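Chains, contacts and geometry: an overview
Now for the letters of each chain:
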Amino acid sequence: MKRVLMICAIITVLTTVGIVWVLFSESYTFFQHVSIWDFLTDTKWSPVSTEKHFGILPLLSGTLLTTIISMAIAVPMGVTIAIYLSEYAPKKFRYYIKPMLEILASVPTVVYGFFALTVVTPFLQNYIPNLSGFNALSAGLVMGIMIIPMISSLSEDALYAVPKSLREGAYGMGSTRLQTSFQVILPAASSGIIVSIILAFARAVGETMIVTVAAGNMANLTADPRETVATITAFIVNMSTGDVPQDSIEYQTIFAAGVTLFVFTFILNSISFLIKKRFQEKYD
Amino acid sequence: MTNADKNRIKDKMFGYFGMACTFFGIFMLLIFLSDIVISGWQKVDFDFLSSFPSSRPKKAGIYPALIGTLWILGLTAIIALPIGIAAGVYFEEYAKKSKMANFLEINLANLAGVPSIIYGLLGLQIFVRTLNFGTSILSGACTLALLILPIIIVSTREALKAVPDSIRQASYGMGANTWQTIWHQVLPASSGGIITGIILAISRAIGETAPLIVIGAATYITYIPEDAMSNFTVLPMQIYDWVGMPETPDGDYKTISSAGIIVLLMITFLLNGIAVFLRNRWQKKVKW
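Residues numbered from 1 in each chain as written. Chains lettered and ligands numbered in written order. Predicted model: local features only at pLDDT ≥ 70, side-chain atom pairs only at ≥ 80, totals over all residues. Heavy atoms only, no water.

What follows is about the overall build of chain A. When you go through chain A residue by residue, the secondary structure sums to 12 helices and two strands. Along the first, second and third principal axes, the C-alpha set of chain A runs to 70 × 60 × 35 Å. Every one of the 284 residues in chain A was classed for burial, and the buried ones make up 56%. Excluding contacts between residues fewer than 6 apart, the proportion of contacts in chain A whose partners are at least 24 apart in sequence is 69%. Split by element, the accessible area of chain A, about 12400 Å² in all, is 64% carbon and sulfur. (Helix = DSSP H or I, 4+ residues; strand = E, 2+ residues; numbered from the N terminus. Buried < 20%, exposed > 50% of the residue type's maximum accessible area, 1.4 Å probe, protein only. Contact = heavy atoms within 4.5 Å. Areas by Shrake-Rupley, 256 points an atom, 1.4 Å probe, with all protein chains shown as cover.)

The partner chain A presents 73 residues to the 75 residues of chain B that form the contact. Connecting chain B to chain A are one salt bridge. As a salt-bridge pair, B:Asp11 and A:Arg177 come within 3.2 Å of each other at their nearest N and O atoms. Per-element accounting of the side of chain B that touches chain A gives the leading share, 20 residues, to helix H1 (residues 3–40) of chain B. (Salt bridge = Lys/Arg side-chain N within 4 Å of Asp/Glu carboxyl O.)

Before going further, it helps to spend a moment on the confidence of the model for chain A. Overall, the prediction assigns chain A a mean pLDDT of 87, with 98% of residues at 70 or greater. Mean pLDDT values for the elements of chain A range from 79 in strand E1 (residues 45–46) of chain A up to 92 in helix H3 (residues 57–88) of chain A. (pLDDT = per-residue confidence, 0-100.)

Over its 14 residues, helix H4 (residues 99–112) of chain B extends 20 Å from the first C-alpha to the last, a length consistent with the 20 Å expected when each residue adds 1.5 Å. Within H4(B), the full set of buried residues consists of B:Ala101, B:Leu104, B:Asn107, B:Leu108, B:Asn110 and B:Leu111. (Expected span 1.5 Å × (residues − 1).)

On to the packing of H3(A) against helix H4 (residues 91–106) of chain A, then. Residue and element names in this part refer to chain A. Taken N-terminus to C-terminus, the directions of H3 and H4 make an angle of 150°; their axes are 10 Å apart at the nearest point. By the angle between their directions, the pair H3 and H4 is classed as roughly antiparallel. As H3 packs across H4, the resulting crossing turns out to be left-handed. Here Ile81, Tyr84, Leu85 and Ser86 of H3 lie close against H4, whose contacting residues are Phe93, Arg94, Ile97, Lys98 and Leu101. (Axes fitted to C-alpha atoms, helices over the stretch in contact; angles between N-to-C directions. Parallel < 35°, antiparallel > 145°, perpendicular 65-115°, else oblique. Left-handed = near helix turned anticlockwise from the far one by under 90°.)

What follows covers the packing of helix H1 (residues 2–33) of chain A against helix H3 (residues 63–94) of chain B. Remark: H1(A) packs on H3(B), axes separated minimally by 8 Å, with the N-to-C direction vectors making an angle of 105°. On the basis of the axis angle, H1(A) is roughly perpendicular to H3(B). Of H3(B), the residues touching H1(A) (which contributes A:Lys2, A:Leu5, A:Met6, A:Cys8, A:Ala9, A:Ile11 and A:Thr12) are B:Ile83, B:Ala86, B:Ala87, B:Val89, B:Tyr90, B:Phe91 and B:Tyr94. Among the residues forming the contact of H1(A) with H3(B), the class breakdown is 12 nonpolar, one polar and one charged. (Nonpolar A, V, L, I, M, F, W, Y, C, P; charged D, E, K, R; others polar.)

On to the side chain of B:Ser136. Relative to the assigned elements, B:Ser136 resides in the loop between helix H5 (116–130) and helix H6 (137–161). Among the residues examined, B:Ser136 registers a relative accessible area of 0% and is labelled buried.

Encoded structure:
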(Lines give C-alpha, C1' and ligand atoms only; values in the text may rest on other atoms or scores of the structure.)
Protein backbone atom coordinates (compact mmCIF):
# COMPACT_ATOMS: atom_id res chain seq x y z
CA MET A 1 0.00 0.00 0.00
CA LYS A 2 2.86 2.31 0.85
CA ARG A 3 4.13 1.92 -2.73
CA VAL A 4 0.82 3.01 -4.24
CA LEU A 5 0.66 6.05 -1.98
CA MET A 6 4.23 6.92 -2.82
CA ILE A 7 3.53 6.79 -6.54
CA CYS A 8 0.69 9.28 -6.02
CA ALA A 9 3.06 11.57 -4.11
CA ILE A 10 5.62 11.27 -6.87
CA ILE A 11 3.07 12.57 -9.39
CA THR A 12 3.66 16.00 -7.83
CA VAL A 13 7.35 15.68 -8.66
CA LEU A 14 6.51 14.54 -12.19
CA THR A 15 4.30 17.61 -12.58
CA THR A 16 7.23 19.86 -11.75
CA VAL A 17 9.53 17.93 -14.05
CA GLY A 18 6.87 18.16 -16.78
CA ILE A 19 6.50 21.91 -16.38
CA VAL A 20 10.24 22.52 -16.46
CA TRP A 21 10.74 20.15 -19.40
CA VAL A 22 7.90 21.59 -21.50
CA LEU A 23 8.84 25.21 -20.87
CA PHE A 24 12.56 24.85 -21.38
CA SER A 25 12.51 22.47 -24.35
CA GLU A 26 9.95 24.57 -26.24
CA SER A 27 11.67 27.84 -25.53
CA TYR A 28 14.99 26.26 -26.53
CA THR A 29 13.62 26.09 -30.08
CA PHE A 30 12.55 29.70 -29.74
CA PHE A 31 15.96 30.85 -28.53
CA GLN A 32 17.62 29.25 -31.52
CA HIS A 33 15.88 31.88 -33.64
CA VAL A 34 16.00 34.78 -31.24
CA SER A 35 19.07 35.53 -29.15
CA ILE A 36 18.56 35.70 -25.39
CA TRP A 37 20.21 39.12 -25.43
CA ASP A 38 17.59 40.51 -27.85
CA PHE A 39 14.85 38.86 -25.85
CA LEU A 40 15.97 40.59 -22.65
CA THR A 41 16.93 44.01 -24.05
CA ASP A 42 14.79 44.75 -27.12
CA THR A 43 12.19 47.32 -26.11
CA LYS A 44 9.56 46.17 -28.59
CA TRP A 45 7.34 43.08 -28.57
CA SER A 46 5.59 42.44 -31.85
CA PRO A 47 5.81 38.73 -32.73
CA VAL A 48 2.94 38.78 -35.23
CA SER A 49 3.62 42.03 -37.09
CA THR A 50 5.54 42.17 -40.33
CA GLU A 51 8.49 43.75 -38.56
CA LYS A 52 9.06 41.25 -35.80
CA HIS A 53 10.46 42.17 -32.41
CA PHE A 54 10.88 39.77 -29.52
CA GLY A 55 11.73 41.95 -26.53
CA ILE A 56 10.12 40.79 -23.30
CA LEU A 57 10.55 44.18 -21.57
CA PRO A 58 7.17 45.65 -22.59
CA LEU A 59 5.36 42.55 -21.29
CA LEU A 60 7.44 42.59 -18.14
CA SER A 61 6.71 46.27 -17.55
CA GLY A 62 2.99 45.65 -18.08
CA THR A 63 3.09 42.79 -15.58
CA LEU A 64 5.02 44.83 -13.00
CA LEU A 65 2.79 47.87 -13.46
CA THR A 66 -0.46 46.01 -12.74
CA THR A 67 1.23 44.05 -9.94
CA ILE A 68 2.58 47.15 -8.21
CA ILE A 69 -0.80 48.89 -8.40
CA SER A 70 -2.50 45.86 -6.88
CA MET A 71 0.10 45.59 -4.12
CA ALA A 72 -0.26 49.30 -3.34
CA ILE A 73 -3.88 48.52 -2.47
CA ALA A 74 -3.57 45.04 -1.00
CA VAL A 75 -0.54 45.37 1.29
CA PRO A 76 -1.63 48.31 3.45
CA MET A 77 -5.25 47.17 3.54
CA GLY A 78 -4.45 43.51 4.09
CA VAL A 79 -2.00 44.15 6.92
CA THR A 80 -4.33 46.69 8.56
CA ILE A 81 -7.21 44.22 8.41
CA ALA A 82 -4.99 41.51 9.90
CA ILE A 83 -3.96 43.75 12.80
CA TYR A 84 -7.54 44.89 13.32
CA LEU A 85 -8.94 41.36 13.33
CA SER A 86 -6.25 39.91 15.58
CA GLU A 87 -5.69 42.77 18.05
CA TYR A 88 -8.84 44.91 18.02
CA ALA A 89 -11.96 43.12 16.81
CA PRO A 90 -14.25 41.23 19.19
CA LYS A 91 -14.19 37.46 18.77
CA LYS A 92 -17.74 37.29 17.48
CA PHE A 93 -17.10 39.94 14.83
CA ARG A 94 -14.10 37.99 13.60
CA TYR A 95 -16.14 34.79 13.47
CA TYR A 96 -18.68 36.35 11.10
CA ILE A 97 -16.43 38.61 9.05
CA LYS A 98 -13.75 36.10 8.07
CA PRO A 99 -15.96 33.87 5.89
CA MET A 100 -17.20 37.03 4.16
CA LEU A 101 -13.65 38.09 3.35
CA GLU A 102 -13.01 34.57 2.08
CA ILE A 103 -15.82 35.03 -0.44
CA LEU A 104 -13.68 37.75 -2.05
CA ALA A 105 -11.00 35.16 -2.72
CA SER A 106 -13.42 32.56 -4.06
CA VAL A 107 -14.90 34.68 -6.87
CA PRO A 108 -13.57 33.43 -10.25
CA THR A 109 -11.05 35.87 -11.71
CA VAL A 110 -12.83 36.27 -15.04
CA VAL A 111 -15.67 37.78 -13.01
CA TYR A 112 -13.28 40.32 -11.48
CA GLY A 113 -12.11 41.16 -14.98
CA PHE A 114 -15.69 41.89 -16.00
CA PHE A 115 -16.04 44.09 -12.91
CA ALA A 116 -12.87 46.05 -13.74
CA LEU A 117 -13.88 46.54 -17.37
CA THR A 118 -17.56 47.43 -16.97
CA VAL A 119 -17.75 49.12 -13.55
CA VAL A 120 -14.37 50.41 -12.38
CA THR A 121 -13.06 51.77 -15.69
CA PRO A 122 -16.22 53.80 -16.54
CA PHE A 123 -16.28 55.09 -12.95
CA LEU A 124 -12.63 56.18 -13.05
CA GLN A 125 -13.10 57.77 -16.48
CA ASN A 126 -15.30 60.40 -14.81
CA TYR A 127 -12.29 61.61 -12.85
CA ILE A 128 -9.35 60.71 -15.09
CA PRO A 129 -10.15 62.01 -18.57
CA ASN A 130 -7.26 60.36 -20.43
CA LEU A 131 -8.02 56.86 -19.17
CA SER A 132 -8.17 54.29 -21.97
CA GLY A 133 -11.00 51.78 -22.13
CA PHE A 134 -8.43 49.10 -21.34
CA ASN A 135 -5.95 50.28 -18.73
CA ALA A 136 -3.49 49.05 -16.14
CA LEU A 137 -5.06 51.13 -13.38
CA SER A 138 -8.46 49.50 -13.00
CA ALA A 139 -7.09 46.02 -13.62
CA GLY A 140 -4.50 46.62 -10.88
CA LEU A 141 -7.03 48.09 -8.44
CA VAL A 142 -9.45 45.19 -8.83
CA MET A 143 -6.63 42.67 -8.58
CA GLY A 144 -5.65 44.43 -5.33
CA ILE A 145 -9.14 43.91 -3.93
CA MET A 146 -8.97 40.25 -4.87
CA ILE A 147 -5.63 39.80 -3.10
CA ILE A 148 -6.61 41.56 0.16
CA PRO A 149 -8.00 38.40 1.83
CA MET A 150 -4.88 36.44 0.89
CA ILE A 151 -2.61 38.90 2.71
CA SER A 152 -4.99 39.48 5.59
CA SER A 153 -5.56 35.84 6.44
CA LEU A 154 -1.91 34.76 6.16
CA SER A 155 -0.76 37.83 8.11
CA GLU A 156 -3.38 37.22 10.77
CA ASP A 157 -2.06 33.70 11.24
CA ALA A 158 1.41 35.18 11.73
CA LEU A 159 0.15 37.75 14.26
CA TYR A 160 -1.79 35.04 16.07
CA ALA A 161 1.34 32.94 16.45
CA VAL A 162 3.10 35.67 18.45
CA PRO A 163 3.27 34.44 22.08
CA LYS A 164 0.73 36.03 24.40
CA SER A 165 3.43 36.96 26.89
CA LEU A 166 4.78 39.61 24.50
CA ARG A 167 1.37 41.23 24.31
CA GLU A 168 0.83 41.10 28.07
CA GLY A 169 4.28 42.55 28.60
CA ALA A 170 3.57 45.54 26.37
CA TYR A 171 0.18 46.17 27.98
CA GLY A 172 1.79 45.92 31.40
CA MET A 173 4.13 48.74 30.44
CA GLY A 174 1.07 50.90 29.72
CA SER A 175 1.07 50.67 25.92
CA THR A 176 -2.10 51.21 23.93
CA ARG A 177 -3.25 48.52 21.49
CA LEU A 178 -1.81 50.60 18.63
CA GLN A 179 1.62 50.83 20.26
CA THR A 180 1.55 47.13 21.12
CA SER A 181 0.55 46.18 17.58
CA PHE A 182 3.12 48.26 15.74
CA GLN A 183 6.05 48.18 18.13
CA VAL A 184 5.82 44.67 19.55
CA ILE A 185 3.52 42.30 17.61
CA LEU A 186 4.23 43.46 14.07
CA PRO A 187 8.04 43.21 14.39
CA ALA A 188 7.69 39.81 16.05
CA ALA A 189 5.46 38.55 13.22
CA SER A 190 7.38 40.32 10.46
CA SER A 191 8.71 37.20 8.74
CA GLY A 192 5.22 35.69 8.43
CA ILE A 193 3.86 38.95 7.07
CA ILE A 194 6.69 39.25 4.56
CA VAL A 195 5.92 35.70 3.41
CA SER A 196 2.27 36.62 2.88
CA ILE A 197 3.30 39.68 0.86
CA ILE A 198 5.71 37.74 -1.35
CA LEU A 199 3.11 35.04 -2.01
CA ALA A 200 0.55 37.70 -2.88
CA PHE A 201 3.08 39.34 -5.19
CA ALA A 202 3.67 36.04 -6.98
CA ARG A 203 -0.08 35.55 -7.26
CA ALA A 204 -0.49 39.00 -8.83
CA VAL A 205 2.33 38.36 -11.30
CA GLY A 206 0.66 35.14 -12.45
CA GLU A 207 -2.92 36.43 -12.42
CA THR A 208 -4.37 36.14 -15.87
CA MET A 209 -8.03 36.81 -16.50
CA ILE A 210 -8.37 40.21 -14.78
CA VAL A 211 -5.53 41.71 -16.78
CA THR A 212 -6.55 39.97 -20.01
CA VAL A 213 -10.07 41.34 -19.83
CA ALA A 214 -9.41 44.79 -18.38
CA ALA A 215 -5.83 45.87 -19.12
CA GLY A 216 -5.89 45.07 -22.82
CA ASN A 217 -3.46 43.44 -25.17
CA MET A 218 -0.97 46.01 -26.35
CA ALA A 219 2.67 45.38 -25.46
CA ASN A 220 3.60 48.81 -24.25
CA LEU A 221 6.77 49.86 -22.45
CA THR A 222 5.25 52.41 -20.12
CA ALA A 223 4.88 53.30 -16.46
CA ASP A 224 1.68 55.24 -17.05
CA PRO A 225 -1.22 53.37 -15.39
CA ARG A 226 -3.77 55.11 -17.63
CA GLU A 227 -2.51 53.34 -20.73
CA THR A 228 -3.35 50.01 -22.29
CA VAL A 229 -0.72 47.40 -21.52
CA ALA A 230 -0.21 43.69 -22.02
CA THR A 231 1.06 41.40 -19.29
CA ILE A 232 2.93 38.17 -19.90
CA THR A 233 -0.17 36.18 -18.98
CA ALA A 234 -2.50 38.25 -21.16
CA PHE A 235 -0.17 37.75 -24.10
CA ILE A 236 -0.22 33.97 -23.68
CA VAL A 237 -4.04 33.95 -23.57
CA ASN A 238 -4.39 36.16 -26.62
CA MET A 239 -1.87 34.15 -28.57
CA SER A 240 -3.70 30.92 -27.68
CA THR A 241 -7.05 32.23 -28.91
CA GLY A 242 -5.55 33.69 -32.09
CA ASP A 243 -5.14 31.83 -35.35
CA VAL A 244 -1.35 31.65 -35.44
CA PRO A 245 -0.20 28.31 -36.92
CA GLN A 246 1.20 25.97 -34.27
CA ASP A 247 4.94 25.22 -34.35
CA SER A 248 5.70 28.56 -35.99
CA ILE A 249 8.20 30.85 -34.32
CA GLU A 250 5.36 33.23 -33.43
CA TYR A 251 3.62 30.40 -31.61
CA GLN A 252 6.77 29.41 -29.73
CA THR A 253 6.71 32.86 -28.09
CA ILE A 254 4.07 31.67 -25.62
CA PHE A 255 6.59 29.23 -24.18
CA ALA A 256 9.31 31.89 -24.03
CA ALA A 257 6.85 34.15 -22.21
CA GLY A 258 5.81 31.21 -20.03
CA VAL A 259 9.35 30.43 -19.02
CA THR A 260 9.91 34.06 -17.99
CA LEU A 261 6.77 33.95 -15.86
CA PHE A 262 7.72 30.61 -14.33
CA VAL A 263 11.26 31.69 -13.40
CA PHE A 264 9.88 34.87 -11.87
CA THR A 265 7.27 33.13 -9.69
CA PHE A 266 9.67 30.28 -8.86
CA ILE A 267 12.17 32.75 -7.37
CA LEU A 268 9.43 34.49 -5.36
CA ASN A 269 8.02 31.20 -4.06
CA SER A 270 11.43 29.89 -3.10
CA ILE A 271 12.26 33.05 -1.15
CA SER A 272 8.98 32.83 0.74
CA PHE A 273 9.55 29.13 1.46
CA LEU A 274 13.02 29.79 2.86
CA ILE A 275 11.78 32.61 5.09
CA LYS A 276 8.95 30.39 6.31
CA LYS A 277 11.30 27.53 7.20
CA ARG A 278 13.53 29.81 9.20
CA PHE A 279 10.58 31.44 10.94
CA GLN A 280 9.18 28.07 12.04
CA GLU A 281 12.50 26.99 13.49
CA LYS A 282 12.74 30.19 15.50
CA TYR A 283 9.45 29.53 17.27
CA ASP A 284 9.85 25.79 17.75
CA MET B 1 -3.95 67.18 26.32
CA THR B 2 -1.39 64.78 27.74
CA ASN B 3 0.65 62.36 25.75
CA ALA B 4 -1.42 59.47 27.08
CA ASP B 5 -4.62 61.11 25.79
CA LYS B 6 -3.06 61.57 22.36
CA ASN B 7 -2.03 57.94 22.27
CA ARG B 8 -5.49 56.84 23.28
CA ILE B 9 -7.01 58.91 20.47
CA LYS B 10 -4.56 57.48 17.96
CA ASP B 11 -5.44 54.01 19.19
CA LYS B 12 -9.16 54.65 18.70
CA MET B 13 -8.57 56.16 15.26
CA PHE B 14 -6.67 53.11 14.11
CA GLY B 15 -9.49 50.90 15.37
CA TYR B 16 -11.97 52.76 13.16
CA PHE B 17 -9.55 52.72 10.25
CA GLY B 18 -9.14 48.96 10.61
CA MET B 19 -12.89 48.47 10.64
CA ALA B 20 -13.24 50.68 7.55
CA CYS B 21 -10.63 48.62 5.71
CA THR B 22 -12.37 45.40 6.65
CA PHE B 23 -15.67 46.67 5.32
CA PHE B 24 -14.11 48.17 2.19
CA GLY B 25 -13.58 44.79 0.55
CA ILE B 26 -17.03 43.55 1.47
CA PHE B 27 -18.53 46.85 0.31
CA MET B 28 -16.84 46.51 -3.10
CA LEU B 29 -18.14 42.96 -3.35
CA LEU B 30 -21.67 44.17 -2.65
CA ILE B 31 -21.48 46.96 -5.26
CA PHE B 32 -20.22 44.49 -7.74
CA LEU B 33 -22.78 41.79 -7.01
CA SER B 34 -25.63 44.29 -7.16
CA ASP B 35 -24.37 45.65 -10.48
CA ILE B 36 -24.33 42.13 -11.91
CA VAL B 37 -27.71 41.18 -10.50
CA ILE B 38 -29.28 44.40 -11.82
CA SER B 39 -27.96 43.95 -15.34
CA GLY B 40 -28.30 40.19 -15.61
CA TRP B 41 -31.07 38.91 -13.37
CA GLN B 42 -33.93 39.31 -15.83
CA LYS B 43 -32.04 37.16 -18.29
CA VAL B 44 -31.54 34.16 -15.98
CA ASP B 45 -34.40 31.84 -16.85
CA PHE B 46 -34.99 28.37 -18.20
CA ASP B 47 -34.45 29.49 -21.80
CA PHE B 48 -31.05 30.94 -20.91
CA LEU B 49 -30.00 27.71 -19.23
CA SER B 50 -31.23 25.50 -22.05
CA SER B 51 -30.29 27.48 -25.18
CA PHE B 52 -27.19 27.32 -27.30
CA PRO B 53 -24.96 30.36 -27.77
CA SER B 54 -25.99 32.56 -30.65
CA SER B 55 -24.65 35.48 -32.59
CA ARG B 56 -27.75 37.32 -31.42
CA PRO B 57 -27.33 38.00 -27.69
CA LYS B 58 -31.10 37.98 -27.07
CA LYS B 59 -31.34 34.33 -28.05
CA ALA B 60 -28.05 33.18 -26.57
CA GLY B 61 -27.85 30.68 -23.75
CA ILE B 62 -25.34 28.70 -21.75
CA TYR B 63 -26.53 25.12 -22.20
CA PRO B 64 -23.31 23.69 -23.71
CA ALA B 65 -21.17 25.66 -21.25
CA LEU B 66 -23.17 24.40 -18.30
CA ILE B 67 -22.98 20.79 -19.45
CA GLY B 68 -19.26 21.26 -20.23
CA THR B 69 -18.68 22.62 -16.72
CA LEU B 70 -20.42 19.58 -15.20
CA TRP B 71 -18.34 17.22 -17.35
CA ILE B 72 -15.09 18.94 -16.40
CA LEU B 73 -16.10 19.06 -12.76
CA GLY B 74 -16.90 15.35 -12.61
CA LEU B 75 -13.88 14.13 -14.51
CA THR B 76 -11.46 16.44 -12.70
CA ALA B 77 -12.77 15.16 -9.37
CA ILE B 78 -12.48 11.50 -10.46
CA ILE B 79 -8.85 12.04 -11.46
CA ALA B 80 -7.68 14.37 -8.70
CA LEU B 81 -9.41 13.01 -5.59
CA PRO B 82 -7.85 9.55 -5.22
CA ILE B 83 -4.39 10.79 -6.21
CA GLY B 84 -4.59 13.87 -4.00
CA ILE B 85 -5.84 12.07 -0.91
CA ALA B 86 -3.35 9.21 -1.35
CA ALA B 87 -0.47 11.65 -1.78
CA GLY B 88 -1.63 13.62 1.26
CA VAL B 89 -1.69 10.43 3.35
CA TYR B 90 1.79 9.52 2.14
CA PHE B 91 3.19 12.97 2.96
CA GLU B 92 1.69 13.07 6.43
CA GLU B 93 1.74 9.47 7.64
CA TYR B 94 4.69 7.86 5.91
CA ALA B 95 7.22 10.41 4.72
CA LYS B 96 8.00 12.28 7.89
CA LYS B 97 11.41 13.81 8.49
CA SER B 98 13.50 12.28 5.76
CA LYS B 99 15.55 13.95 3.05
CA MET B 100 13.02 12.72 0.51
CA ALA B 101 10.18 14.24 2.56
CA ASN B 102 11.97 17.56 2.67
CA PHE B 103 12.40 17.56 -1.09
CA LEU B 104 8.75 16.63 -1.67
CA GLU B 105 7.74 19.43 0.66
CA ILE B 106 9.71 22.12 -1.18
CA ASN B 107 8.38 20.81 -4.47
CA LEU B 108 4.79 20.94 -3.23
CA ALA B 109 5.17 24.49 -1.93
CA ASN B 110 6.46 25.58 -5.32
CA LEU B 111 3.74 23.78 -7.27
CA ALA B 112 1.06 25.49 -5.22
CA GLY B 113 2.51 28.83 -6.34
CA VAL B 114 2.80 28.08 -10.05
CA PRO B 115 0.40 30.37 -11.98
CA SER B 116 -2.56 28.50 -13.45
CA ILE B 117 -1.70 29.57 -16.99
CA ILE B 118 1.57 27.61 -16.74
CA TYR B 119 -0.49 24.47 -16.08
CA GLY B 120 -2.26 25.32 -19.32
CA LEU B 121 1.06 25.24 -21.21
CA LEU B 122 1.87 21.92 -19.54
CA GLY B 123 -1.51 20.46 -20.48
CA LEU B 124 -1.20 21.72 -24.06
CA GLN B 125 2.12 20.01 -24.57
CA ILE B 126 1.58 16.80 -22.59
CA PHE B 127 -2.12 15.93 -22.87
CA VAL B 128 -3.23 17.68 -26.06
CA ARG B 129 -0.16 16.98 -28.19
CA THR B 130 2.10 14.26 -26.77
CA LEU B 131 -0.64 11.93 -25.49
CA ASN B 132 -2.84 13.03 -28.38
CA PHE B 133 -6.02 13.58 -26.36
CA GLY B 134 -6.66 16.63 -28.52
CA THR B 135 -8.65 19.58 -27.25
CA SER B 136 -10.99 17.32 -25.35
CA ILE B 137 -12.75 17.24 -22.00
CA LEU B 138 -10.18 14.65 -20.94
CA SER B 139 -7.29 17.04 -21.64
CA GLY B 140 -9.05 19.83 -19.76
CA ALA B 141 -9.85 17.62 -16.79
CA CYS B 142 -6.29 16.23 -16.58
CA THR B 143 -4.88 19.76 -16.67
CA LEU B 144 -7.22 21.03 -13.97
CA ALA B 145 -6.61 17.90 -11.89
CA LEU B 146 -2.88 18.67 -11.81
CA LEU B 147 -3.74 22.27 -10.94
CA ILE B 148 -5.86 21.39 -7.89
CA LEU B 149 -3.69 18.48 -6.74
CA PRO B 150 -1.50 20.64 -4.45
CA ILE B 151 -4.62 22.18 -2.88
CA ILE B 152 -6.12 18.76 -2.12
CA ILE B 153 -2.82 17.43 -0.78
CA VAL B 154 -2.28 20.41 1.52
CA SER B 155 -5.83 20.31 2.93
CA THR B 156 -5.70 16.51 3.38
CA ARG B 157 -2.50 16.92 5.35
CA GLU B 158 -4.04 19.62 7.53
CA ALA B 159 -6.97 17.32 8.28
CA LEU B 160 -4.69 14.37 9.10
CA LYS B 161 -2.53 16.58 11.29
CA ALA B 162 -5.58 17.43 13.40
CA VAL B 163 -6.04 13.76 14.38
CA PRO B 164 -4.26 13.32 17.73
CA ASP B 165 -1.47 10.79 17.98
CA SER B 166 -3.20 8.96 20.82
CA ILE B 167 -5.66 7.50 18.28
CA ARG B 168 -2.79 6.12 16.24
CA GLN B 169 -0.98 4.77 19.30
CA ALA B 170 -4.15 3.06 20.54
CA SER B 171 -4.59 1.41 17.16
CA TYR B 172 -1.00 0.23 17.08
CA GLY B 173 -1.46 -1.02 20.64
CA MET B 174 -4.29 -3.25 19.41
CA GLY B 175 -1.88 -4.79 16.92
CA ALA B 176 -2.93 -2.90 13.78
CA ASN B 177 -0.30 -2.08 11.17
CA THR B 178 0.24 1.37 9.69
CA TRP B 179 -2.17 0.96 6.80
CA GLN B 180 -4.93 -0.55 9.00
CA THR B 181 -4.50 2.36 11.39
CA ILE B 182 -4.82 4.87 8.57
CA TRP B 183 -7.75 3.15 6.86
CA HIS B 184 -9.83 2.32 9.95
CA GLN B 185 -8.92 5.14 12.33
CA VAL B 186 -7.18 8.16 10.87
CA LEU B 187 -9.10 8.59 7.60
CA PRO B 188 -12.60 8.30 9.15
CA ALA B 189 -11.59 10.69 11.91
CA SER B 190 -10.35 13.30 9.44
CA SER B 191 -13.00 12.85 6.74
CA GLY B 192 -14.75 16.15 7.53
CA GLY B 193 -11.61 18.17 6.94
CA ILE B 194 -10.68 16.23 3.83
CA ILE B 195 -14.12 16.70 2.26
CA THR B 196 -14.03 20.44 3.01
CA GLY B 197 -10.70 20.75 1.26
CA ILE B 198 -11.94 18.78 -1.73
CA ILE B 199 -14.99 20.97 -2.19
CA LEU B 200 -12.88 24.14 -2.04
CA ALA B 201 -10.46 22.68 -4.58
CA ILE B 202 -13.29 21.78 -6.94
CA SER B 203 -14.85 25.21 -6.66
CA ARG B 204 -11.45 26.59 -7.61
CA ALA B 205 -11.37 24.35 -10.69
CA ILE B 206 -14.81 25.52 -11.80
CA GLY B 207 -13.71 29.15 -11.94
CA GLU B 208 -10.50 28.52 -13.87
CA THR B 209 -10.40 29.99 -17.34
CA ALA B 210 -6.80 30.60 -18.38
CA PRO B 211 -5.49 26.99 -18.53
CA LEU B 212 -8.48 25.88 -20.60
CA ILE B 213 -7.99 28.74 -23.04
CA VAL B 214 -4.35 27.76 -23.44
CA ILE B 215 -5.12 24.11 -24.17
CA GLY B 216 -7.42 25.42 -26.88
CA ALA B 217 -10.94 24.83 -25.56
CA ALA B 218 -13.54 26.40 -27.82
CA THR B 219 -15.53 29.50 -26.94
CA TYR B 220 -18.36 28.90 -29.37
CA ILE B 221 -19.94 25.47 -29.28
CA THR B 222 -23.28 24.49 -30.73
CA TYR B 223 -23.53 20.91 -29.59
CA ILE B 224 -23.50 18.95 -26.37
CA PRO B 225 -20.35 17.00 -25.55
CA GLU B 226 -21.02 13.27 -25.92
CA ASP B 227 -18.01 11.68 -24.27
CA ALA B 228 -14.71 12.57 -22.65
CA MET B 229 -13.06 13.02 -26.05
CA SER B 230 -15.49 15.74 -27.22
CA ASN B 231 -14.52 19.33 -27.72
CA PHE B 232 -16.05 21.52 -25.04
CA THR B 233 -16.54 24.91 -23.46
CA VAL B 234 -17.13 25.85 -19.84
CA LEU B 235 -19.01 28.69 -18.13
CA PRO B 236 -16.05 30.99 -17.40
CA MET B 237 -14.87 30.65 -21.00
CA GLN B 238 -18.33 31.46 -22.32
CA ILE B 239 -18.38 34.53 -20.08
CA TYR B 240 -14.91 35.57 -21.23
CA ASP B 241 -16.06 35.27 -24.83
CA TRP B 242 -19.10 37.47 -24.23
CA VAL B 243 -17.21 40.09 -22.20
CA GLY B 244 -14.96 40.71 -25.18
CA MET B 245 -17.86 41.25 -27.62
CA PRO B 246 -18.78 44.74 -28.82
CA GLU B 247 -22.24 46.11 -28.12
CA THR B 248 -24.82 45.34 -30.77
CA PRO B 249 -28.14 46.99 -31.45
CA ASP B 250 -29.82 43.60 -31.07
CA GLY B 251 -29.57 43.17 -27.31
CA ASP B 252 -26.25 43.63 -25.56
CA TYR B 253 -23.56 41.36 -24.32
CA LYS B 254 -23.32 42.94 -20.88
CA THR B 255 -26.71 41.46 -20.02
CA ILE B 256 -25.83 37.93 -21.03
CA SER B 257 -22.35 38.03 -19.54
CA SER B 258 -23.92 39.23 -16.26
CA ALA B 259 -26.47 36.44 -16.45
CA GLY B 260 -23.70 33.90 -17.07
CA ILE B 261 -21.77 35.31 -14.11
CA ILE B 262 -24.83 34.96 -11.87
CA VAL B 263 -25.06 31.25 -12.71
CA LEU B 264 -21.30 30.75 -12.23
CA LEU B 265 -21.30 32.60 -8.89
CA MET B 266 -24.31 30.63 -7.67
CA ILE B 267 -22.39 27.41 -8.26
CA THR B 268 -19.16 28.68 -6.61
CA PHE B 269 -20.95 30.23 -3.64
CA LEU B 270 -23.02 27.10 -3.15
CA LEU B 271 -19.89 24.93 -3.04
CA ASN B 272 -18.08 27.37 -0.74
CA GLY B 273 -21.12 27.58 1.51
CA ILE B 274 -21.24 23.80 1.83
CA ALA B 275 -17.51 23.78 2.62
CA VAL B 276 -17.81 26.45 5.33
CA PHE B 277 -20.84 24.67 6.80
CA LEU B 278 -19.03 21.32 6.92
CA ARG B 279 -15.94 22.92 8.41
CA ASN B 280 -17.88 24.56 11.21
CA ARG B 281 -19.84 21.40 11.93
CA TRP B 282 -16.73 19.29 11.91
CA GLN B 283 -14.86 21.66 14.21
CA LYS B 284 -17.78 21.72 16.62
CA LYS B 285 -18.38 17.99 16.67
CA VAL B 286 -14.81 16.80 17.00
CA LYS B 287 -13.20 17.93 20.23
CA TRP B 288 -10.22 15.79 21.04
